[in-house]
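# Structure at a glance
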Amino acid sequence: MSFDVKHASPSREKPIRSLSLFDTTCLIVGVIVGAGVYQMAPDIARGSGSWWGTLGVWGLGGLISLFGALGYAELSSTFPREGGDYVYLTEAYGRWAGFLFGWGQTVVIRPSDIAALAFIFGTYFSKFFNPWHETDPVTVQSAYAALAVIVFMAINIIGVREGKWTQNLLTIIKTLGLLMVVVVGFVFPATQSASLSPETLEPFPFYLAVILVLYAYGGWSDMVCVAAEAKHPERNLLRAILLGLGTVTLLYLAINGAFLYSLGYVGMASSGAVATDVVAHRFPGFGAALISLLVCLSVLGSLNGVILTGSRISYAAGVDHRPLAFLGKWNAKTGTPVRSILVQGGIALLLIVTLRSFVDTVLYMAAIVYLFYFATSIGLIVLRFRQPEVSRPYRVTGYPITTLIFAGICLFLIYSAFNYKPWIALGSVAATGIGLPVYWLFSMPRRKNDLS
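Only a predicted model underlies this, so the values are computations on that prediction, with no experimental measurement involved.

## Brief notes about the overall build of the protein
- Summing up its helical and strand segments, the protein has 18 helices and zero strands in all.
- For the protein, with 452 residues in total, the buried portion stands at 57%.
- The long-range fraction of contacts in the protein, counting pairs at least 24 apart against all pairs at least 6 apart in sequence, stands at 83%.
- Counting only carbon and sulfur atoms, one obtains 68% of the accessible surface of the protein, whose full area is about 18,400 Å².

As C-alpha coordinates, then:
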(Lines give C-alpha, C1' and ligand atoms only; values in the text may rest on other atoms or scores of the structure.)
Protein backbone atom coordinates (compact mmCIF):
# COMPACT_ATOMS: atom_id res chain seq x y z
CA MET A 1 0.00 0.00 0.00
CA SER A 2 1.40 3.39 -0.97
CA PHE A 3 0.92 6.55 1.02
CA ASP A 4 2.40 8.84 -1.63
CA VAL A 5 -0.17 11.63 -1.78
CA LYS A 6 1.57 13.09 -4.81
CA HIS A 7 -0.09 10.40 -6.91
CA ALA A 8 -3.34 10.56 -4.99
CA SER A 9 -4.21 14.05 -6.25
CA PRO A 10 -2.67 14.60 -9.70
CA SER A 11 -4.85 17.61 -10.36
CA ARG A 12 -3.59 19.63 -7.39
CA GLU A 13 -2.60 23.22 -7.89
CA LYS A 14 1.11 23.77 -8.47
CA PRO A 15 3.49 26.70 -7.95
CA ILE A 16 3.83 29.20 -10.80
CA ARG A 17 7.21 30.57 -11.93
CA SER A 18 6.64 34.21 -11.00
CA LEU A 19 9.87 35.20 -9.17
CA SER A 20 12.39 37.15 -11.25
CA LEU A 21 16.15 37.37 -10.66
CA PHE A 22 15.57 40.63 -8.77
CA ASP A 23 12.90 38.97 -6.61
CA THR A 24 15.09 35.99 -5.72
CA THR A 25 18.12 38.19 -5.05
CA CYS A 26 16.05 40.42 -2.75
CA LEU A 27 14.80 37.28 -1.03
CA ILE A 28 18.26 35.97 -0.18
CA VAL A 29 19.54 39.41 0.93
CA GLY A 30 16.38 39.99 2.91
CA VAL A 31 16.55 36.65 4.72
CA ILE A 32 20.25 36.96 5.61
CA VAL A 33 20.47 40.60 6.70
CA GLY A 34 18.59 40.87 9.96
CA ALA A 35 19.62 42.27 13.31
CA GLY A 36 22.57 39.91 13.73
CA VAL A 37 25.08 42.39 12.35
CA TYR A 38 24.01 44.94 14.99
CA GLN A 39 23.66 42.59 17.94
CA MET A 40 26.75 40.47 17.47
CA ALA A 41 29.32 42.87 15.96
CA PRO A 42 30.94 43.84 19.32
CA ASP A 43 31.37 40.22 20.45
CA ILE A 44 32.78 39.23 17.06
CA ALA A 45 35.23 42.13 17.28
CA ARG A 46 36.39 40.99 20.75
CA GLY A 47 36.90 37.46 19.49
CA SER A 48 38.77 38.65 16.40
CA GLY A 49 41.38 40.52 18.45
CA SER A 50 42.14 43.44 16.16
CA TRP A 51 40.92 45.97 13.60
CA TRP A 52 41.89 43.83 10.60
CA GLY A 53 40.98 40.60 12.37
CA THR A 54 37.41 41.85 12.68
CA LEU A 55 37.09 42.55 8.96
CA GLY A 56 38.90 39.29 8.21
CA VAL A 57 36.48 37.11 10.17
CA TRP A 58 33.48 38.76 8.46
CA GLY A 59 35.09 38.10 5.09
CA LEU A 60 35.80 34.51 6.16
CA GLY A 61 32.15 34.06 7.07
CA GLY A 62 31.13 35.15 3.59
CA LEU A 63 33.63 32.75 2.00
CA ILE A 64 32.49 29.77 4.10
CA SER A 65 28.86 30.56 3.28
CA LEU A 66 29.78 30.75 -0.40
CA PHE A 67 31.33 27.26 -0.24
CA GLY A 68 28.02 25.93 1.08
CA ALA A 69 25.96 28.00 -1.35
CA LEU A 70 27.85 26.67 -4.39
CA GLY A 71 26.73 23.15 -3.48
CA TYR A 72 23.14 24.31 -3.15
CA ALA A 73 23.42 26.11 -6.50
CA GLU A 74 24.35 22.83 -8.21
CA LEU A 75 21.57 20.95 -6.47
CA SER A 76 18.93 23.59 -7.20
CA SER A 77 19.83 23.78 -10.90
CA THR A 78 19.80 19.96 -11.11
CA PHE A 79 16.49 19.60 -9.24
CA PRO A 80 14.63 22.93 -9.70
CA ARG A 81 11.63 21.85 -7.66
CA GLU A 82 9.84 23.24 -4.62
CA GLY A 83 11.31 22.19 -1.27
CA GLY A 84 15.08 22.80 -1.30
CA ASP A 85 16.92 20.37 1.01
CA TYR A 86 13.82 18.19 1.17
CA VAL A 87 14.20 17.36 -2.52
CA TYR A 88 17.98 16.88 -2.37
CA LEU A 89 17.96 14.64 0.71
CA THR A 90 15.21 12.50 -0.82
CA GLU A 91 17.20 12.07 -4.02
CA ALA A 92 20.43 11.29 -2.15
CA TYR A 93 19.28 9.03 0.69
CA GLY A 94 15.66 8.05 0.11
CA ARG A 95 12.17 9.18 1.03
CA TRP A 96 12.80 8.69 4.74
CA ALA A 97 15.51 11.39 4.73
CA GLY A 98 13.34 13.87 2.87
CA PHE A 99 10.49 13.22 5.28
CA LEU A 100 12.76 13.66 8.30
CA PHE A 101 13.93 17.01 6.93
CA GLY A 102 10.37 18.14 6.27
CA TRP A 103 9.38 17.01 9.76
CA GLY A 104 12.33 18.80 11.37
CA GLN A 105 11.64 21.98 9.44
CA THR A 106 7.96 21.89 10.37
CA VAL A 107 8.26 21.15 14.10
CA VAL A 108 11.65 22.68 15.02
CA ILE A 109 13.67 24.73 12.57
CA ARG A 110 11.25 27.11 10.87
CA PRO A 111 9.09 27.83 13.91
CA SER A 112 12.26 28.46 15.96
CA ASP A 113 13.70 30.72 13.28
CA ILE A 114 10.47 32.68 13.02
CA ALA A 115 10.22 32.97 16.82
CA ALA A 116 13.87 34.08 17.18
CA LEU A 117 13.47 36.84 14.60
CA ALA A 118 10.21 37.90 16.17
CA PHE A 119 11.91 38.14 19.58
CA ILE A 120 14.47 40.56 18.13
CA PHE A 121 11.69 42.65 16.62
CA GLY A 122 9.83 42.70 19.94
CA THR A 123 12.94 43.76 21.82
CA TYR A 124 13.75 46.71 19.56
CA PHE A 125 10.19 47.81 18.84
CA SER A 126 9.48 47.97 22.57
CA LYS A 127 12.34 50.50 22.79
CA PHE A 128 10.85 52.48 19.94
CA PHE A 129 7.23 52.37 21.18
CA ASN A 130 6.16 51.13 24.61
CA PRO A 131 3.27 52.88 26.36
CA TRP A 132 3.08 50.08 28.95
CA HIS A 133 6.06 51.10 31.11
CA GLU A 134 4.81 49.31 34.23
CA THR A 135 4.37 45.98 32.44
CA ASP A 136 7.08 43.33 32.52
CA PRO A 137 9.41 44.15 29.58
CA VAL A 138 9.61 40.49 28.50
CA THR A 139 5.83 40.33 28.31
CA VAL A 140 5.69 43.44 26.12
CA GLN A 141 8.46 42.12 23.87
CA SER A 142 6.74 38.75 23.55
CA ALA A 143 3.46 40.43 22.66
CA TYR A 144 5.10 42.48 19.90
CA ALA A 145 6.86 39.33 18.68
CA ALA A 146 3.58 37.45 18.43
CA LEU A 147 1.94 40.38 16.64
CA ALA A 148 4.73 40.45 14.04
CA VAL A 149 4.30 36.73 13.33
CA ILE A 150 0.54 37.10 12.91
CA VAL A 151 0.83 40.11 10.57
CA PHE A 152 3.42 38.50 8.29
CA MET A 153 1.56 35.21 8.26
CA ALA A 154 -1.42 37.14 6.95
CA ILE A 155 0.64 38.93 4.28
CA ASN A 156 2.04 35.64 2.98
CA ILE A 157 -1.37 33.97 3.04
CA ILE A 158 -2.90 36.75 0.93
CA GLY A 159 -0.64 35.89 -2.01
CA VAL A 160 2.88 35.35 -3.29
CA ARG A 161 2.86 38.72 -5.06
CA GLU A 162 2.12 40.50 -1.81
CA GLY A 163 4.79 38.43 -0.06
CA LYS A 164 7.48 39.16 -2.65
CA TRP A 165 6.60 42.88 -2.89
CA THR A 166 6.82 43.15 0.89
CA GLN A 167 10.15 41.33 0.77
CA ASN A 168 11.54 43.58 -1.97
CA LEU A 169 10.42 46.76 -0.20
CA LEU A 170 11.82 45.77 3.20
CA THR A 171 15.10 44.61 1.64
CA ILE A 172 15.54 47.94 -0.14
CA ILE A 173 14.69 49.93 3.00
CA LYS A 174 17.02 48.06 5.32
CA THR A 175 19.85 48.08 2.76
CA LEU A 176 19.50 51.86 2.51
CA GLY A 177 19.43 52.00 6.31
CA LEU A 178 22.66 50.05 6.55
CA LEU A 179 24.26 52.36 4.01
CA MET A 180 23.06 55.35 6.07
CA VAL A 181 24.89 54.01 9.13
CA VAL A 182 27.97 53.41 6.96
CA VAL A 183 27.91 57.03 5.72
CA VAL A 184 27.43 58.47 9.21
CA GLY A 185 30.22 56.27 10.58
CA PHE A 186 32.76 57.34 7.96
CA VAL A 187 31.75 60.99 7.59
CA PHE A 188 31.04 61.81 11.25
CA PRO A 189 33.32 59.61 13.40
CA ALA A 190 32.65 59.66 17.12
CA THR A 191 35.16 60.95 19.65
CA GLN A 192 37.13 57.96 20.90
CA SER A 193 37.81 57.75 24.63
CA ALA A 194 41.48 57.72 25.56
CA SER A 195 40.67 55.65 28.66
CA LEU A 196 39.74 52.63 26.57
CA SER A 197 42.43 50.05 25.84
CA PRO A 198 42.48 46.42 24.62
CA GLU A 199 43.29 45.28 28.16
CA THR A 200 39.86 46.49 29.33
CA LEU A 201 38.03 44.10 26.99
CA GLU A 202 36.45 40.94 28.33
CA PRO A 203 37.98 37.88 26.56
CA PHE A 204 35.89 36.19 23.89
CA PRO A 205 36.94 32.93 22.11
CA PHE A 206 37.72 33.15 18.41
CA TYR A 207 35.70 30.02 17.58
CA LEU A 208 32.61 31.64 19.10
CA ALA A 209 33.22 34.71 16.95
CA VAL A 210 33.23 32.45 13.87
CA ILE A 211 30.00 30.79 15.00
CA LEU A 212 28.32 34.16 15.44
CA VAL A 213 29.51 35.37 12.04
CA LEU A 214 28.12 32.27 10.33
CA TYR A 215 24.84 32.77 12.17
CA ALA A 216 24.74 36.34 10.83
CA TYR A 217 25.15 34.91 7.32
CA GLY A 218 22.53 32.24 7.97
CA GLY A 219 19.60 31.95 5.59
CA TRP A 220 21.41 31.84 2.25
CA SER A 221 20.06 28.33 1.57
CA ASP A 222 16.45 29.51 1.78
CA MET A 223 16.50 30.76 -1.80
CA VAL A 224 16.46 27.21 -3.19
CA CYS A 225 13.19 26.55 -1.35
CA VAL A 226 11.35 28.61 -3.98
CA ALA A 227 13.12 27.02 -6.96
CA ALA A 228 9.78 25.96 -8.46
CA GLU A 229 8.61 29.58 -8.43
CA ALA A 230 11.79 31.07 -9.94
CA LYS A 231 11.91 32.09 -13.58
CA HIS A 232 14.71 30.37 -15.55
CA PRO A 233 16.03 28.48 -12.48
CA GLU A 234 18.82 26.83 -14.47
CA ARG A 235 20.64 30.19 -14.58
CA ASN A 236 18.87 32.56 -12.18
CA LEU A 237 19.29 30.51 -9.00
CA LEU A 238 23.09 30.57 -9.21
CA ARG A 239 23.06 34.24 -10.16
CA ALA A 240 20.78 35.08 -7.23
CA ILE A 241 22.99 33.18 -4.77
CA LEU A 242 26.16 34.88 -6.02
CA LEU A 243 24.55 38.33 -6.18
CA GLY A 244 22.83 37.90 -2.83
CA LEU A 245 25.83 36.58 -0.90
CA GLY A 246 28.16 39.07 -2.60
CA THR A 247 25.87 41.96 -1.67
CA VAL A 248 25.56 40.78 1.94
CA THR A 249 29.33 40.30 2.32
CA LEU A 250 30.02 43.81 1.02
CA LEU A 251 27.33 45.26 3.30
CA TYR A 252 28.76 43.46 6.34
CA LEU A 253 32.30 44.58 5.57
CA ALA A 254 31.13 48.16 5.00
CA ILE A 255 29.07 48.38 8.18
CA ASN A 256 31.82 46.87 10.34
CA GLY A 257 34.36 49.15 8.69
CA ALA A 258 32.16 52.09 9.64
CA PHE A 259 31.87 50.86 13.22
CA LEU A 260 35.65 50.51 13.47
CA TYR A 261 36.41 53.85 11.83
CA SER A 262 33.88 55.73 13.95
CA LEU A 263 34.42 54.12 17.36
CA GLY A 264 37.86 52.55 17.03
CA TYR A 265 38.50 48.85 17.63
CA VAL A 266 38.22 49.03 21.43
CA GLY A 267 35.19 51.34 21.29
CA MET A 268 33.41 48.95 18.94
CA ALA A 269 34.36 45.82 20.89
CA SER A 270 33.16 47.33 24.18
CA SER A 271 29.94 48.85 22.84
CA GLY A 272 26.59 47.73 24.15
CA ALA A 273 24.68 49.09 21.13
CA VAL A 274 27.22 49.72 18.42
CA ALA A 275 24.98 51.19 15.71
CA THR A 276 23.32 53.48 18.23
CA ASP A 277 26.72 54.68 19.44
CA VAL A 278 27.71 55.52 15.86
CA VAL A 279 24.55 57.46 15.00
CA ALA A 280 23.41 58.92 18.32
CA HIS A 281 26.42 61.20 18.76
CA ARG A 282 25.61 62.92 15.46
CA PHE A 283 21.82 62.89 15.96
CA PRO A 284 21.41 62.87 19.76
CA GLY A 285 17.73 63.78 19.65
CA PHE A 286 16.44 60.83 17.66
CA GLY A 287 19.46 58.68 16.79
CA ALA A 288 18.60 55.83 19.20
CA ALA A 289 14.98 55.71 18.03
CA LEU A 290 16.11 55.78 14.39
CA ILE A 291 18.41 52.80 14.91
CA SER A 292 15.70 50.86 16.76
CA LEU A 293 13.35 51.42 13.83
CA LEU A 294 16.05 50.37 11.37
CA VAL A 295 16.70 47.13 13.26
CA CYS A 296 12.96 46.44 13.32
CA LEU A 297 12.72 46.84 9.55
CA SER A 298 15.77 44.61 9.07
CA VAL A 299 14.23 41.88 11.22
CA LEU A 300 10.86 42.11 9.48
CA GLY A 301 12.55 41.58 6.11
CA SER A 302 14.14 38.38 7.43
CA LEU A 303 10.91 37.31 9.13
CA ASN A 304 8.91 37.69 5.94
CA GLY A 305 11.49 35.75 3.95
CA VAL A 306 11.64 32.89 6.46
CA ILE A 307 7.84 32.54 6.52
CA LEU A 308 7.67 32.61 2.71
CA THR A 309 10.40 30.02 2.10
CA GLY A 310 9.77 27.77 5.10
CA SER A 311 6.15 27.14 4.20
CA ARG A 312 7.27 25.75 0.82
CA ILE A 313 9.34 23.04 2.54
CA SER A 314 6.42 21.84 4.65
CA TYR A 315 4.22 21.95 1.54
CA ALA A 316 6.67 19.78 -0.45
CA ALA A 317 6.89 17.23 2.37
CA GLY A 318 3.12 17.17 2.69
CA VAL A 319 2.69 16.46 -1.02
CA ASP A 320 4.81 13.30 -0.79
CA HIS A 321 4.09 11.91 2.68
CA ARG A 322 0.86 10.85 4.35
CA PRO A 323 1.71 12.01 7.91
CA LEU A 324 2.14 15.58 6.61
CA ALA A 325 -0.51 15.40 3.87
CA PHE A 326 -2.50 18.16 5.55
CA LEU A 327 0.31 20.58 4.62
CA GLY A 328 0.58 19.49 0.97
CA LYS A 329 -2.22 21.70 -0.33
CA TRP A 330 -1.62 24.70 -2.58
CA ASN A 331 -4.30 27.39 -2.48
CA ALA A 332 -5.26 28.27 -6.05
CA LYS A 333 -6.84 31.62 -5.12
CA THR A 334 -3.88 33.06 -3.23
CA GLY A 335 -1.10 31.10 -4.94
CA THR A 336 0.38 30.12 -1.55
CA PRO A 337 0.56 27.05 0.73
CA VAL A 338 -1.87 28.48 3.29
CA ARG A 339 -1.95 25.48 5.61
CA SER A 340 1.85 25.31 5.84
CA ILE A 341 2.00 29.00 6.70
CA LEU A 342 -0.60 28.58 9.44
CA VAL A 343 1.05 25.52 11.01
CA GLN A 344 4.61 26.88 11.12
CA GLY A 345 3.32 30.23 12.40
CA GLY A 346 1.21 28.53 15.06
CA ILE A 347 4.19 26.57 16.41
CA ALA A 348 6.28 29.76 16.36
CA LEU A 349 3.65 31.50 18.48
CA LEU A 350 3.76 28.57 20.93
CA LEU A 351 7.55 28.90 21.19
CA ILE A 352 7.25 32.64 21.83
CA VAL A 353 4.86 32.00 24.69
CA THR A 354 6.86 29.15 26.25
CA LEU A 355 10.55 30.03 25.68
CA ARG A 356 10.36 33.84 25.98
CA SER A 357 14.07 34.04 25.05
CA PHE A 358 15.93 34.79 21.83
CA VAL A 359 19.11 32.94 22.87
CA ASP A 360 17.35 29.76 23.99
CA THR A 361 15.33 29.72 20.77
CA VAL A 362 18.47 29.96 18.63
CA LEU A 363 20.24 27.25 20.63
CA TYR A 364 17.18 25.03 20.36
CA MET A 365 17.50 24.81 16.57
CA ALA A 366 21.27 25.15 15.99
CA ALA A 367 22.34 21.49 16.06
CA ILE A 368 19.54 20.38 13.74
CA VAL A 369 20.18 23.20 11.26
CA TYR A 370 23.83 22.28 10.78
CA LEU A 371 23.08 18.55 10.82
CA PHE A 372 20.89 18.98 7.75
CA TYR A 373 23.42 21.33 6.13
CA PHE A 374 26.01 18.59 6.58
CA ALA A 375 23.73 15.88 5.21
CA THR A 376 22.84 17.95 2.14
CA SER A 377 26.47 18.79 1.39
CA ILE A 378 27.50 15.14 1.60
CA GLY A 379 24.36 14.31 -0.41
CA LEU A 380 25.75 16.34 -3.31
CA ILE A 381 28.76 13.99 -3.41
CA VAL A 382 26.48 10.95 -3.11
CA LEU A 383 24.37 12.13 -6.06
CA ARG A 384 27.46 12.70 -8.22
CA PHE A 385 28.10 8.92 -7.88
CA ARG A 386 24.51 7.67 -7.88
CA GLN A 387 23.16 9.82 -10.71
CA PRO A 388 26.10 10.65 -13.01
CA GLU A 389 23.84 10.79 -16.06
CA VAL A 390 21.60 13.59 -14.73
CA SER A 391 22.04 16.98 -16.41
CA ARG A 392 23.77 19.49 -14.13
CA PRO A 393 23.55 23.03 -15.58
CA TYR A 394 26.02 24.14 -12.91
CA ARG A 395 28.78 22.11 -11.22
CA VAL A 396 30.35 23.24 -7.96
CA THR A 397 33.47 25.33 -8.43
CA GLY A 398 36.40 23.70 -6.59
CA TYR A 399 34.58 20.39 -6.08
CA PRO A 400 35.05 18.42 -3.87
CA ILE A 401 37.34 20.61 -1.74
CA THR A 402 34.88 23.48 -1.21
CA THR A 403 32.07 21.03 -0.40
CA LEU A 404 34.18 19.07 2.10
CA ILE A 405 35.40 22.25 3.82
CA PHE A 406 31.81 23.37 4.36
CA ALA A 407 30.75 19.93 5.59
CA GLY A 408 33.63 19.89 8.09
CA ILE A 409 32.65 23.29 9.47
CA CYS A 410 29.08 22.03 9.90
CA LEU A 411 30.37 19.17 12.07
CA PHE A 412 32.32 21.65 14.17
CA LEU A 413 29.21 23.78 14.72
CA ILE A 414 27.15 20.73 15.69
CA TYR A 415 29.78 19.82 18.28
CA SER A 416 29.84 23.40 19.58
CA ALA A 417 26.05 23.44 20.05
CA PHE A 418 26.12 20.24 22.10
CA ASN A 419 29.16 21.37 24.04
CA TYR A 420 27.61 24.72 25.02
CA LYS A 421 24.09 23.67 26.10
CA PRO A 422 23.68 19.91 25.62
CA TRP A 423 20.14 19.55 26.96
CA ILE A 424 18.71 22.21 24.67
CA ALA A 425 20.47 20.63 21.68
CA LEU A 426 19.22 17.19 22.66
CA GLY A 427 15.68 18.54 22.91
CA SER A 428 15.62 19.64 19.29
CA VAL A 429 17.26 16.39 18.15
CA ALA A 430 14.61 14.40 20.02
CA ALA A 431 11.76 16.44 18.55
CA THR A 432 13.16 15.89 15.06
CA GLY A 433 13.95 12.22 15.68
CA ILE A 434 10.29 11.51 16.48
CA GLY A 435 9.77 11.89 12.75
CA LEU A 436 11.44 8.52 12.04
CA PRO A 437 8.96 6.29 13.92
CA VAL A 438 6.13 8.41 12.50
CA TYR A 439 7.47 7.77 8.99
CA TRP A 440 7.90 4.02 9.60
CA LEU A 441 4.42 3.76 11.09
CA PHE A 442 2.80 5.16 7.97
CA SER A 443 5.01 3.43 5.39
CA MET A 444 5.89 -0.02 6.79
CA PRO A 445 5.17 -1.88 3.53
CA ARG A 446 7.94 0.06 1.75
CA ARG A 447 10.30 0.69 4.65
CA LYS A 448 12.89 -1.85 3.51
CA ASN A 449 13.22 -0.32 0.06
CA ASP A 450 13.34 3.26 1.35
CA LEU A 451 16.21 2.56 3.71
CA SER A 452 18.25 0.60 1.22
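## Things to note about the packing of aromatic side chains
- Scanning the entire structure with this criterion turns up 15 aromatic pairs.
- Note on W58 and Y217: the rings are 6.3 Å apart at their centroids and 50° apart in plane angle, and the pair reads as tilted. Of this pair, W58 sits in helix α4 (residues 51-78) while Y217 sits in the loop between α9 (206-216) and α10 (233-269), placing them 159 residues apart in sequence. Summarising the burial analysis for this pair, W58 and Y217 share the class buried.
- These aromatic residues form a ring-pair network of at least three members: Y72, Y88, Y370, Y373 and F406.

## Quick word on helix α12 (residues 287-320)
- For α12, which comprises 34 residues, the first-to-last C-alpha distance of 51 Å matches the rise-based estimate of 50 Å (1.5 Å per residue) to within 8%.
- Burial within α12 is extensive, with 29 of its 34 residues counted as buried.

## Examining the nonpolar core
- Ranked by size, the top nonpolar core spans 122 residues in total, and within it W58, W220, Y252 and F259 carry the most contacts.
- For this core, the leading source of residues is helix α6 (residues 95-128), giving 16 residues.
- Those residues within four positions of W220 in sequence are excluded, and the remaining contacts are I28, I32, S65, G68, A69, Y72, L245, Y373 and F406.

## So, the packing of α4 against α9
- Relative orientation of the contacting elements α4 and α9 amounts to 55°, with a least axis distance of 9 Å. It follows from the interaxial angle that α4 and α9 lie oblique. Pair α4 / α9 crosses with right-handed handedness. Packed against α4, whose contacting residues are V57, W58, G61, I64 and S65, the element α9 presents F206, V210, V213, L214 and A216 at the interface.
- When grouped by side-chain class, the residues that make up the contact of α4 with α9 number eight nonpolar, two polar and no charged.

## Focus: unusual backbone geometry
- Residue P400 is bonded to the preceding Y399 through a cis peptide linkage, with omega at 0°.
- Residue placement: P400 occurs in the loop between α14 (358-386) and α15 (401-420).

## So, helix α5 (residues 85-93)
- Of all the residues in α5, the buried ones are D85, Y86, V87, Y88, L89 and A92.
- Residues of α5 that are buried in the fold lie against α4, α6, α12 and α14.

## Some remarks on a nonpolar patch on the surface
- The grouping of W51, W52, V183, F186, V187, F188 and Y261 at the surface amounts to a nonpolar patch, some 730 Å² of accessible area in total.
- Of all elements in the fold, only α4 and α8 (160-187) reach the threshold of two or more residues within the nonpolar patch.
- Along the polypeptide, F188 turns up in the loop between α8 and α9.

## Details of the packing of α4 against α15
- The contact between α4 and α15 brings their axes to 8 Å, and the two run at 115°. Accordingly, the angle class assigned to the pair α4 and α15 is roughly perpendicular. Between α4 and α15 lies a crossing whose hand is left-handed. From α4, I64, F67 and G68 reach across to α15, where they touch T402, I405, F406 and I409.

## A few points about the pattern of salt bridges
- Going through the model one piece at a time under the given rule, you end up with three salt bridges.
- In this structure, R392 engages E74 in a salt bridge whose closest nitrogen and oxygen atoms are separated by 3.4 Å. One end of the pair, R392, is in the loop between α14 and α15; the other, E74, is in helix α4, and 318 residues separate them in sequence.
- Classification of R392 by relative accessible area gives buried; the value is 10%.
- In the salt-bridge network here, residues are joined through shared partners; they are E74, R384 and R392.

## Quick word on the confidence of the model for the protein
- Per-residue confidence for the protein averages 80 on the pLDDT scale, and 85% of its residues sit at or above 70.
- Across the protein, α4 holds the top mean pLDDT of 91, while helix α1 (residues 5-8) sits lowest at 38.
- Below pLDDT 50 for its whole length, residues 1-12 participates in 20 contacts with residues either more than four positions away or in separate chains.

## Remarks on the environment of L66
- Following the sequence through the fold, L66 ends up in helix α4.
- For L66, a relative accessible area of 26% corresponds to the partly exposed category.
- As a C-alpha pair, L66 and T402 span 336 residues in sequence and 8.9 Å in three-dimensional space.
- Not counting residues within four places of it along the chain, the set of residues in contact with L66 comprises L242 and L245.

## Observations concerning the environment of Q39
- Turning to its location among the elements, Q39 is positioned in helix α3 (residues 36-48).
- Each C-alpha atom of the pair Q39 and A275 lies 9.0 Å from the other, and the pair is 236 residues apart in sequence.
- If sequence neighbours within four positions are ignored, Q39 has contacts with I120, Y124 and F358.

Criteria and thresholds
Residues numbered from 1 in each chain as written. Predicted model: local features only at pLDDT ≥ 70, side-chain atom pairs only at ≥ 80, totals over all residues. Heavy atoms only, no water. Helix = DSSP H or I, 4+ residues; strand = E, 2+ residues; numbered from the N terminus. Buried < 20%, exposed > 50% of the residue type's maximum accessible area, 1.4 Å probe, protein only. Contact = heavy atoms within 4.5 Å. Areas by Shrake-Rupley, 256 points an atom, 1.4 Å probe, with all protein chains shown as cover. Phe/Tyr/Trp six-rings, centres within 6.5 Å; stacked < 30°, edge-to-face > 60°. Expected span 1.5 Å × (residues − 1). Core = buried A, V, L, I, M, F, W, Y, C linked by side-chain atoms within 4.5 Å. Axes fitted to C-alpha atoms, helices over the stretch in contact; angles between N-to-C directions. Parallel < 35°, antiparallel > 145°, perpendicular 65-115°, else oblique. Left-handed = near helix turned anticlockwise from the far one by under 90°. Nonpolar A, V, L, I, M, F, W, Y, C, P; charged D, E, K, R; others polar. Patch = residues over 30% accessible without salt bridge, like charges linked within 9 Å, V, L, I, M, F, W, Y side chains within 5 Å. Salt bridge = Lys/Arg side-chain N within 4 Å of Asp/Glu carboxyl O. pLDDT = per-residue confidence, 0-100.

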